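Each chain, written out:
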Amino acid sequence: MSNPYPHISRWIVSSDCLGATLKGVQECGQGVREAGAFWLGVREEVSRIVAVVLPCGKGIQAGPGSWKVGPEVFGVITRWAKPLGLSLLAVAHTHLHGIPARLSRADREYSVQVPGVLAVVIGDGGSEEDHTKWGWYVYESEEYRNIIPEELSREIEIGSGKVEVLSADADGFWS
Amino acid sequence: MNGELNQEGAQALPHAQCSESIDYEITVEYLPASHPFHKSYEGNETVATVRADAMTFFHVSDHRDRDTHQFFLEFDGRRLTDMAETLRQLLGRRHGAKFNLVEQITPGAIRNE
């Protein structure tokens, strides 16, 4: 049986991706509820994020302490991404002001759990612009491993290049 | 070919081959995975069987703690909730179908720690 999760040794995340994510989560969360983004790209040894999808609205439940994307939204994103050969490489979401930018127990247990997927936690409701102060985690050996700041530049390359940015809800996409 | 086009425009089997032994070529996509799950099934196999096989392939499982994390098959934008439904009942004369494996997270009293 072939492995549906080829190993990823390095992720390339453009500053365009970081900026689009911050703008999107700030607009959706408004600093009063959590918000997030799906980062997509071709899954390979060195994987580049090429699309940022911002789930917001119908099918998303968000509050001050949680952010949940319903199955209908997963379906909408899957139907768009798969014909393009894209896979979900990372789930980024915010924690509000005063809550550490670290994965909570709920984040660890109820997010995507497949090898090589990244979980990124943006502090201060999405206002923290310094990505080195975000929480970076990778799922491996059946748990999320924290990518500590000393390892961050080795595993995550902040590069250049444009990303496609879309918003999505249970009914579809919009730019 | 003396067949019919199904609702998605795919080629259906010729009438003479629409028998009890019809095979259904099933593909299941899962957003985080790099490639899909493929398998042929007979018409009397159920949605539950396909879901279980796909979840095994993608190394995912339902779990319940303070919350429920459950996986569903989706077809034509519709979540398949009748696990006993057979592929013949679901697909009729289509001889192939693409499903998506999607996740549902049912909210509980979740707080960040």
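Reading the values: rules and limits
Residues numbered from 1 in each chain as written. Chains lettered and ligands numbered in written order. Predicted model: local features only at pLDDT ≥ 70, side-chain atom pairs only at ≥ 80, totals over all residues. Helix = DSSP H or I, 4+ residues; strand = E, 2+ residues; numbered from the N terminus. Buried ≥ 20, exposed ≤ 12 C-beta atoms within 10 Å, placed from the backbone. Core = buried A, V, L, I, M, F, W, Y, C linked by C-beta atoms within 7 Å. Contact = placed C-beta atoms within 7 Å. Pairing = 2+ DSSP bridges. Axes fitted to C-alpha atoms, helices over the stretch in contact; angles between N-to-C directions. Nonpolar A, V, L, I, M, F, W, Y, C, P; charged D, E, K, R; others polar. pLDDT = per-residue confidence, 0-100.

**Comments concerning the overall build of chain A**
Consideration 1: Counting its regular elements, chain A contains 4 helices and 13 strands.
Consideration 2: With respect to the three principal axes, the spread of C-alpha positions in chain A is 40 × 35 × 30 Å.
Consideration 3: Counting only residues that meet the buried cut, chain A has 46% of its 175 residues in that class.

**Considerations on the nonpolar core**
Burial of nonpolar side chains together is a common tendency in soluble globular proteins.
Consideration 1: Formed by 72 residues in total, the largest nonpolar core has its most connected members in W39(A) and V53(A).
Consideration 2: Among residues more than four places away in sequence, those in contact with W39(A) are C17(A), I49(A), V52(A), L89(A), A90(A) and A92(A).

**Describing the environment of D23(B)**
Residue and element names in this part refer to chain B.
Consideration 1: Mapped onto the elements, D23 comes out in strand 1 (residues 23-30).
Consideration 2: Distance in space between the C-alpha atoms of D23 and T49 is 14 Å, their sequence separation being 26 residues.
Consideration 3: In this view, D23 contacts S40, Y41 and E42; residues no more than four positions away in its chain are not counted.

**Structural notes on helix 2 (residues 71-81) of chain A**
Consideration 1: Where burial is concerned, most of helix 2 of chain A is hidden: 8 out of the 11 residues are buried.
Consideration 2: All buried positions along helix 2 of chain A are accounted for by P71(A), E72(A), V73(A), F74(A), G75(A), V76(A), I77(A) and T78(A).

**Here's the deal with the sheet that holds strand 2 (residues 36-41) of chain A**
Residues and elements named next belong to chain A.
Consideration 1: The strand order across the open sheet built from 8 strands is 10-9-8-7-2-4-12-13, with neighbouring strands paired in mixed fashion. If you trace the sheet from one side to the other, it starts and ends with strand 10 (143-146) and strand 13 (172-174), each paired once. The average undirected angle you get between the axes of adjacent strands in this sheet is 30°.
Consideration 2: Bridge count for strand 7 (residues 87-94) against strand 8 (residues 118-122) is 5 bridges, and the pairing is parallel.

**Quick notes on the interface of chain A and chain B**
Consideration 1: With 31 residues of chain A at the contact, the number on the chain B side is 27 residues.
Consideration 2: At the level of elements, strand 6 (66-69), helix 2, strand 7 and helix 3 (105-110) of chain A are the ones that each hand at least two residues to the side of chain A that touches chain B.
Consideration 3: Considering each element in turn, the side of chain A that touches chain B owes the most residues, 7 residues, to helix 2 of chain A.
Consideration 4: Taken together, the residues of the side of chain A that touches chain B break down into 15 nonpolar, 10 polar and 6 charged.

**Some thoughts on the confidence of the model for chain B**
All names here are of chain B.
Consideration 1: Predicted confidence across chain B gives a mean pLDDT of 80, with 67% of residues reaching 70 or more.
Consideration 2: Taken as a whole, residues 1-18 scores under 50 in pLDDT and shows 25 contacts with residues more than four places along the chain or in a different chain.
Consideration 3: Confidence drops under a pLDDT of 50 for residues 106-113, and excluding neighbours within four residues, the segment shows 22 contacts in the predicted structure.
Consideration 4: The ipTM value of the predicted complex is 0.95, and its pTM value is 0.89.

**Considerations on the pairing of strand 9 (residues 135-140) of chain A**
All names here are of chain A.
Consideration 1: Judged from the 4 bridges that link them, strand 8 and strand 9 form a sheet pairing that is antiparallel. Note that in strand 9 the partner of V121 across the bridge is G135.
Consideration 2: Bridge count between strand 9 and strand 10: 4 bridges; the pairing is antiparallel. Within strand 10, the residue paired with Y139 across the bridge is Y144.
Consideration 3: Counted between consecutive antiparallel strands, the loop separating strand 9 from strand 10 contains 2 residues, among which S141 sits at a positive phi close to 50°.

**Description of the sheet that holds strand 1 (residues 10-14) of chain A**
All names here are of chain A.
Consideration 1: The 3 strands are arranged 3-1-11 in an open sheet whose pairing can be described as parallel. If you trace the sheet from one side to the other, it starts and ends with strand 3 (46-48) and strand 11 (156-159), each paired once. Averaged over all adjacent pairs, the angle separating strand axes in this sheet is 25°, with direction ignored.
Consideration 2: Strand direction decides the pairing type here: strand 1 and strand 11, joined by 4 bridges, are parallel. Residue pairing in the sheet places W11 in a bridge with I156 of strand 11.
Consideration 3: Sheet strands in contact with helix 1 (residues 15-29) are strand 1 and strand 11, and its direction is about 65° off that of strand 1.

**A look at the confidence of the model for chain A**
Consideration 1: Mean pLDDT for chain A: 94, with 99% of residues reaching 70 or above.
Consideration 2: Highest mean pLDDT in chain A belongs to strand 3 of chain A (98); lowest belongs to helix 3 of chain A (79).

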